[in-house]
Number of protein chains: 2
Amino acid sequence: MPNIKQIAEAAGVSVTTVSRVLNHHPYVSESKRKAVEEAIALLNYSRNMNAVHLIKGSTQTVGVILPRINLFYFARMMEGMAQEALKYNYKLMLCQTAYRPEEERRVLEMLRDKQIDGLVICSRSLPLDQLEAYAEYGPIVLCEMVKDRPLSSVYFDHYASFQKAIIYLWDKGHRKIGFTIGRRNSPSSRRRLKAYTDTLRTLGGEPREDWILGGCSDIEDGAALVDRLLSLKEQPDALLITGDQVAAGFIFTARSRGLQVPGDYAVIGFDNQPISEIIGITTIDNRLSEIGSRAFEIVHEQISGQLNGPVTEEFSFRFIERNSV
Amino acid sequence: MPNIKQIAEAAGVSVTTVSRVLNHHPYVSESKRKAVEEAIALLNYSRNMNAVHLIKGSTQTVGVILPRINLFYFARMMEGMAQEALKYNYKLMLCQTAYRPEEERRVLEMLRDKQIDGLVICSRSLPLDQLEAYAEYGPIVLCEMVKDRPLSSVYFDHYASFQKAIIYLWDKGHRKIGFTIGRRNSPSSRRRLKAYTDTLRTLGGEPREDWILGGCSDIEDGAALVDRLLSLKEQPDALLITGDQVAAGFIFTARSRGLQVPGDYAVIGFDNQPISEIIGITTIDNRLSEIGSRAFEIVHEQISGQLNGPVTEEFSFRFIERNSV
DNA sequence: CTGTTAGCGCATTCAA
DNA sequence: TTGAATGCGCTAACAG
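This structure is a prediction, so every number in the text was calculated from the model and none was measured.

Within chain A, the regular secondary structure consists of 13 helices and 12 strands. The C-alpha radius of gyration of chain A comes to 26 Å, more than 25% above the 20 Å expected for a compact globule of 325 residues. For chain A, the spread of C-alpha atoms along the three principal axes comes to 85 × 40 × 30 Å. The proportion of buried residues among the 325 residues of chain A is 58%. Of the roughly 13500 Å² of accessible surface on chain A, a fraction of 47% belongs to carbon and sulfur atoms. Put simply, chain A has 39 plus and 40 minus side-chain charges, and the middle of one group is 2 Å from the middle of the other.

Moving on to the protein's contact with DNA strand C. Neighbouring residues of DNA strand C: 24 residues in total, closest Thr16(A), Ser29(A), Ile55(A), Ile4(B) and Tyr45(B). Considering DNA strand C, the proportion of its atoms within 4 Å of the protein that are sugar or phosphate atoms stands at 63%. Ile4(B) is positioned with one of its backbone polar atoms (N or O) 2.5 Å from a phosphate oxygen of DNA strand C. One of the side-chain N or O atoms of Thr16(B) is found 3.2 Å from a base oxygen in DNA strand C. At the level of elements, helix H2 (15–22) and helix H4 (49–56) of chain A together with helix H2 (15–22) and helix H4 (49–56) of chain B are the ones that each hand at least two residues to the surface near DNA strand C.

Their axes nearest at 8 Å, the elements H4(A) and H4(B) cross at an angle of 150°. It follows from the interaxial angle that H4(A) and H4(B) lie roughly antiparallel. Judged by the sense of rotation from one axis to the other, the crossing of H4(A) with H4(B) is left-handed. In this structure, H4(A) contributes Asn50(A), Ala51(A), His53(A) and Leu54(A) to the contact, and H4(B) contributes Asn50(B), Ala51(B), His53(B) and Leu54(B). Across the contact of H4(A) with H4(B), the residue classes break down as 4 nonpolar, 4 polar and no charged.

As a further point, take the protein's contact with DNA strand D. Looking at DNA strand D, there are 24 residues lining it, with Ile4(A), Tyr45(A), Thr17(B), Ser29(B) and Ile55(B) nearest. Restricting the count to atoms of DNA strand D within 4 Å of the protein gives a sugar and phosphate share of 62%. Between DNA strand D and Ser14(B), the relevant distance is 3.2 Å, taken from a phosphate oxygen to a main-chain nitrogen or oxygen of the residue. Within the side chain of Ser29(B), an N or O atom sits 2.6 Å from a phosphate oxygen of DNA strand D.

So, on to the relation of the copies chain B and chain A. For these two chains of identical sequence, chain B goes onto chain A by a turn of 180° and a shift of 0.0 Å along the axis, with RMSD 0.1 Å. The transformation relating the two chain copies, once decomposed into turn and shift, fits a two-fold axis. Distance from the rotation axis, computed per C-alpha, reaches its smallest value in chain B at Met93(B): 2.3 Å. The overlap is high: 100% of the interface residues of chain B also sit at the interface in chain A, so the same surface is used on both sides.

All right, on to the UniProt feature "domain: HTH lacI-type" (unreviewed entry) in chain A then. Sites flagged by UniProt as "domain: HTH lacI-type" (unreviewed entry) map to residues 2–56 of chain A. Structurally, residues 2–56 of chain A comprises 69% helix and 0% strand, and the distance from its first C-alpha atom to its last is 21 Å.

We now examine the sheet that holds strand E7 (residues 212–213) of chain A. Pairing between sheet strands relies on hydrogen bonds along the backbone, with the strands arranged either parallel or antiparallel. All names here are of chain A. Strand order across the open sheet formed by 6 strands is E7-E6-E8-E9-E10-E12, with mixed pairing between neighbours. Edge positions in the sheet fall to E7 and strand E12 (318–320), since each of these pairs with one other strand and no more. Here helix H9 (residues 187–203) sits on the sheet in contact with strand E6 (177–180) and E7, set at roughly 175° to E6.

This paragraph deals with the pairing of strand E1 (residues 61–66) of chain A. All names here are of chain A. Taking burial as the measure, the 6 residues of E1 include 6 buried ones, the bulk of the element. Side chains Thr61, Gly63 and Ile65 project from E1 onto one buried face, and the interleaved Val62, Val64 and Leu66 project onto a second face that is buried too. Of the strand pairs in this sheet, E1 and strand E2 (residues 91–96) are connected by 6 bridges, and their pairing is parallel. Note that in E2 the partner of Thr61 across the bridge is Lys91.

Now for the packing of aromatic side chains. Residues and elements named next belong to chain A. For the structure shown, the criterion picks out 21 aromatic pairs over all chains. Taking the centre distance of 4.7 Å and the plane angle of 55° together, the rings of Phe179 and Tyr196 count as tilted. With a gap of 17 residues between them, Phe179 in strand E6 and Tyr196 in helix H9 connect regions that are remote in the sequence. Between Phe250 and Tyr265, the ring centres sit 5.3 Å apart and the planes meet at 70°, which makes this aromatic pair edge-to-face. On the criterion of sequence distance, the pair formed by Phe250 in helix H11 (residues 244–256) and Tyr265 in the loop between H11 and strand E9 (266–270) is long-range, its members being 15 residues apart. With respect to class, Phe250 is no different from Tyr265; both count as buried. Among the aromatic residues, those joined into a cluster by ring pairs are Phe162, Phe179, Tyr196 and Phe270. Sitting over the ring of Phe319, Lys164 keeps its end group 4.9 Å from the ring centre.

The rules behind each value
Residues numbered from 1 in each chain as written. Chains lettered and ligands numbered in written order. Predicted model: local features only at pLDDT ≥ 70, side-chain atom pairs only at ≥ 80, totals over all residues. Heavy atoms only, no water. Helix = DSSP H or I, 4+ residues; strand = E, 2+ residues; numbered from the N terminus. Rg over C-alpha atoms; globule rule 2.2 N^0.38 Å. Buried < 20%, exposed > 50% of the residue type's maximum accessible area, 1.4 Å probe, protein only. Areas by Shrake-Rupley, 256 points an atom, 1.4 Å probe, with all protein chains shown as cover. Lys, Arg positive; Asp, Glu negative; His and termini not counted. Charge placed at Lys NZ, Arg CZ, Asp CG, Glu CD. Near = heavy atom within 4 Å. Polar contact = N/O pair within 3.5 Å; in protein donor to acceptor, adjacent residues only side chain to side chain. Axes fitted to C-alpha atoms, helices over the stretch in contact; angles between N-to-C directions. Parallel < 35°, antiparallel > 145°, perpendicular 65-115°, else oblique. Left-handed = near helix turned anticlockwise from the far one by under 90°. Contact = heavy atoms within 4.5 Å. Nonpolar A, V, L, I, M, F, W, Y, C, P; charged D, E, K, R; others polar. Least-squares fit on C-alpha atoms with pLDDT ≥ 70 in both. UniProt positions renumbered as here; feature names shortened; annotations may be inferred. Pairing = 2+ DSSP bridges. Phe/Tyr/Trp six-rings, centres within 6.5 Å; stacked < 30°, edge-to-face > 60°. Lys NZ or Arg CZ within 6 Å of the ring centre and 35° of its normal.

Rendered as structure tokens:
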């Protein structure tokens, strides 16, 4: 592969001139530009971008931390980011960490080592303090509620949406309300738990530990939920299921066992995933794709200096009434 | 951010020595190693990886071309790749191209420009000839059947699986068989079309143009399929639906309209997606995750020189009989 | 408008 | 076991 010097020689100009035409600078005579372009074509030249990155100190690449790409929740966010990245000609480094702290740390180190210019964290296991230590190396945006830290945050209010859903169920006459979560100890799960406890207490209901059903991320988990519920001493009559795929798995399996949804169980799903419309699941749209694109956009604005300091943006949710309650 | 020179000064050694401890070379005295490590810790130093990439001529990064990450088919492959990439400490650059040729080309140029060391193409719109031109810059693996070209290929046999499914339907007494596809003109779709035509002709059946239903990628498309079918003059009584999400959308919507599946329509899905087990869809497992991980592995083996020249690997499929036929 | 020159931060040959 | 010197390929300040 030829380098810039060889192009300069072939075109009979200096490397600077070659660099200028490469970067579309003005002040290059038409004749020399032609000569350079011809040499480039002739020798099939292309820049070594690593040299450009080295000199510029940036890579036009943003990293994305998520546990698993093959979950609707994250795939949808990623899609939003990818669309945005395309606009600005940025690249996305996908880092599927499976919630392993050491992998998350490796990505943070990529930020420090200048392999990426910024970072979006969809979900994490590392404590905020550890993330914070890397904020000096480049913008970091979290897709969860974070305030008063050098980290940006784009999120949707899990607390308020849970509250809304619980009140809706309560108004429909349900008193035994349970809910599912993915990871037990994630920041979002903790917010939801708090909303569950607070809201039920306020209403005069009873939050119950055994109605908090962990480990529900995918459709199979929803299917397995039926048996988990049936094995409880006392069963809830309504469920908030965080993820419409999970809800769909539950509803389908429950019905195939002769249980009624709604009826035996009222269900509210989350994310307004396409399946929820088809099955008619009442759900809460938390605008994942928009959160993803906005997260990328913030990173980009911070990299390019249009935005200074961390920002926090809350997205409002949309309650969608269908036929599962 | 300090550089290697400053570390050398702080530690009272030469940059070479610093470089040696950075790269875990032997022949560094314990005392100097200590001094260097202390200086690194003290100044909070880390390497600028772009300089390393420049000098080494590689980035430990593999690009992935796919149209949309939020489709099960691609998310699953990506997951396989990501798992493999983790093993070798490689990074993955996700390039969601929406089948736009100019975006695909941009990724190929990244290969040429040394921003990525290799490339996996899950699905494409560019012709093979154009891809081939970039093969000299680094290993390219396609997830489709490609032979006798400087491109590697890991694929699952769409022809044989379609054939198998059609014969199965035929044996069950179905004579009016149609099928869905995503893009009309993709290489895989063409293979399937050929299998459809060949197999039905051999059996004495009638392949029909109006029973080839394009534009089916997601669950909503499956739901919409019901009306499309009902509006046909003559309807098929059996369908191959490429993607269990699509099949699920179809089955659910059909049933909610009072149609029977199986009964009014027999359905065979594809991919053995989790939803197919829950709904009981007869399907063909094409081992997407394995294809993804093997694709990455091949790129990696070729980058590291363990493998020379393009390889072609076919994965066998698995027919899974459930209750939709 | 153009070219000379000095780095960007690091790995590596070569000589000691 | 160590270090000086060279260069990876490119950009940009500077001088003309």
